[in-house]
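Here are the chains, one letter per residue:
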Amino acid sequence: VRAPDISCLELTELNTDYLEQALPEREQLSFELHLVYCVDCQTFLSQMRTTVTALGRLSTHPLHHETQQALLTAFRARRAGG
Amino acid sequence: MALQVAEAEHRQSPVPILPSDPQSQQMDESDRRLLDEMRAGREDAFLALLDRHHGPMLRFAALLSADETAACTALVACWLTLADERGGPVMGATFRGWAYGVLLAGLQTDLLPGPGGERRPAVGQDRFLPPGDRWEAGWADPLPAWRSFEDPLLSAAVQQQVESALRRLSSTTRAVLVLRDVNRVAAQEVTDAMGISEDDQRLLLHDGRSRVREALAAVLQVTG
């Protein structure tokens, strides 16, 4: 199966489908063949991965003791039919 | 060839797509067991579910709400609904997908049923060579590399930039992006929670990631 070449612009539009493993086999092959020779698209894909990593590092909201106790009180009241 | 090997290793999305991977499945089984125990009145089960999901759910609610108070109010109501003996994950859905659906309903955020509007390109068209050029649709200029954001000083700027970019997204796109990439919720759980199709989920994810990438370029791009 010969995979047709894709342009850099097309690669930028397909990157999410690629990362989500949603590309048909032929398009996935075209995508990966393009990456073999295109340094800028390698950079672009790396930046998309960095973006996902950065999103995953947003600070968390800890469960404060007071919140936990308030929720537990509400849970008890609900159980007691209150 | 080395690149192909590297691509094969990295092809897997850094965030889960299906909730059927062993780790997600194990967590869902544990969640469902805790849900049953919580509904039987076990406080330790309620606390265990709180401990596991409250933080990410509050972060989601806070990023979807106008203020933290509204987010907290919606989350308290959500937990009491989850603890109620009625309702529960429908066939094929996970506890997490169901719980986020309950939370979203309580947040009363205006979500569009799909991407809506005109689809925006991932990268500005002016970054590519115009039609008729020998290398049409290729990069017009080399793409500037990014610095690593591991530097603690840069890390704070990155976090701020990401949060600002998220706030600028439509609430529907923001909901998808926060669930998928911030809270690492599997794609199928997101479609369950939001009642959108897999294709729409991916389109929204694509748009959201593209906008955050643009914002990050402002702080990470190596200039000069």
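Residues numbered from 1 in each chain as written. Chains lettered and ligands numbered in written order. Predicted model: local features only at pLDDT ≥ 70, side-chain atom pairs only at ≥ 80, totals over all residues. Heavy atoms only, no water.

**Q** Honestly, the overall build of chain A in this entry has me stumped. Any pointers?
**A** Tallying secondary structure elements over chain A gives 4 helices and 0 strands in all. The linear arrangement of helices and strands in chain A, starting from the amino end, is α-α-α-α. Computed over C-alpha atoms, the radius of gyration of chain A comes to 23 Å, more than 25% over the 12 Å expected from 2.2 N^0.38 for 82 residues, which places it beyond the range of a compact globule. Expressed as a percentage of the 82 residues in chain A, the buried residues total 43%. (Helix = DSSP H or I, 4+ residues; strand = E, 2+ residues; numbered from the N terminus. Rg over C-alpha atoms; globule rule 2.2 N^0.38 Å. Buried < 20%, exposed > 50% of the residue type's maximum accessible area, 1.4 Å probe, protein only.)

**Q** What should I look at first to understand the overall build of chain B in this one?
**A** Scanning chain B for helices and strands turns up 9 helices and 0 strands. If you list the helices and strands of chain B from N to C, you get α-α-α-α-α-α-α-α-α. Per-residue burial for chain B yields a buried fraction of 48% across its 224 residues. Residue pairs at least 24 apart in sequence account for 68% of intrachain contacts in chain B once pairs closer than 6 positions are excluded. When the accessible surface of chain B is summed, it comes to about 11,200 Å², and 52% of that surface belongs to carbon and sulfur atoms. (Contact = heavy atoms within 4.5 Å. Areas by Shrake-Rupley, 256 points an atom, 1.4 Å probe, with all protein chains shown as cover.)

**Q** Is there a simple way to explain the packing of helix 3 (residues 39–56) of chain A against helix 7 (residues 171–182) of chain B in this structure?
**A** Pairs of packed helices are described in terms of their axes, by the angle between the two and the distance that separates them. With their axes 8 Å apart at the nearest point, helix 3 of chain A and helix 7 of chain B run at an angle of 90 degrees to one another. Judged by the angle between their axes, helix 3 of chain A and helix 7 of chain B are roughly perpendicular. Within the contact between the two elements, helix 3 of chain A uses Val52, Leu55 and Gly56 of chain A and helix 7 of chain B uses Leu177, Asp181 and Val182 of chain B. Residue composition of the contact of helix 3 of chain A with helix 7 of chain B, grouped by class: 4 nonpolar, 1 polar and 1 charged. (Axes fitted to C-alpha atoms, helices over the stretch in contact; angles between N-to-C directions. Parallel < 35°, antiparallel > 145°, perpendicular 65-115°, else oblique. Nonpolar A, V, L, I, M, F, W, Y, C, P; charged D, E, K, R; others polar.)

**Q** Explanation requested: the packing of aromatic side chains in the structure shown.
**A** What describes a pair of aromatic rings is the distance from one ring centre to the other and the angle between the planes of the rings. Tallying each qualifying case throughout the model produces 7 aromatic pairs over all chains. When the centroid spacing of 4.0 Å and the interplanar angle of 15 degrees are considered together, the rings of Tyr18 of chain A and Phe31 of chain A count as stacked. Here Phe31 of chain A lies in helix 2 (residues 25–37) and Tyr18 of chain A lies in helix 1 (residues 8–19), a separation of 13 residues in the sequence. Given the relative accessible area of 1%, Tyr18 of chain A is considered buried. Relative to Trp79 of chain B, the ring of Phe46 of chain B lies with its centre 6.2 Å away and its plane at 85 degrees, an arrangement referred to as edge-to-face. Residue Phe46 of chain B is located in helix 3 (residues 43–64), and its partner Trp79 of chain B is located in helix 4 (residues 68–83); the two are separated by 33 residues in the primary sequence. (Phe/Tyr/Trp six-rings, centres within 6.5 Å; stacked < 30°, edge-to-face > 60°.)

**Q** Help me understand a nonpolar patch on the surface in this model?
**A** All names here are of chain A. A surface patch of nonpolar side chains, about 350 Å² in accessible area, is lined by Leu29, Leu33, Val36 and Tyr37. Turning to its location among the elements, Leu29 is positioned in helix 2. The class of Leu29 is partly exposed, set by a relative accessible area of 38%. (Patch = residues over 30% accessible without salt bridge, like charges linked within 9 Å, V, L, I, M, F, W, Y side chains within 5 Å. Salt bridge = Lys/Arg side-chain N within 4 Å of Asp/Glu carboxyl O.)

**Q** Explanation requested: the pattern of salt bridges in the structure shown.
**A** Between side chains of opposite charge, pairing is possible as soon as their charged atoms come close. Residue and element names in this part refer to chain B. Here the structure, examined in full by the defined rule, presents 17 salt bridges over all chains. Of the charged contacts, one joins Asp84 and Arg86 as a salt bridge, the two residues approaching to 3.0 Å between their closest N and O atoms. Between Arg209 and Asp181 there is a salt bridge; the shortest N-O distance is 2.7 Å. Here Arg209 is found in helix 9 (residues 198–220), whereas its partner Asp181 is found in helix 7, with 28 residues between them in sequence. Each member of the pair, Arg209 as well as Asp181, is classed as buried.

**Q** Where do I start with the side chain of Asn15 of chain A in this structure?
**A** Mapped onto the elements of the fold, Asn15 of chain A is located in helix 1. Note on Asn15 of chain A: relative accessible area 0%, which makes it buried. A polar side-chain atom of Asn15 of chain A sits 2.7 Å from the main-chain carbonyl oxygen of Thr12 of chain A. Not counting chain neighbours up to four residues away, the residues in contact with Asn15 of chain A comprise Phe31, Phe44, Leu45 and Met48 of chain A together with His206 of chain B. (Polar contact = N/O pair within 3.5 Å; in protein donor to acceptor, adjacent residues only side chain to side chain.)

**Q** Where do I start with the nonpolar core in this structure?
**A** Judged by nonpolar contacts, the single largest core of 62 residues is most densely connected at Phe60, Leu103 and Leu166 of chain B. Considering each element in turn, this core owes the most residues, 11 residues, to helix 3 of chain B. Those residues in contact with Leu103 of chain B that lie beyond four places of it in its chain are Met57, Phe60, Ala61, Ala74, Leu75 and Cys78 of chain B. Counting 19 residues, the second largest nonpolar core, distinct from the first, contains Leu11, Phe31 and Cys41 of chain A together with Ala122 of chain B. (Core = buried A, V, L, I, M, F, W, Y, C linked by side-chain atoms within 4.5 Å.)

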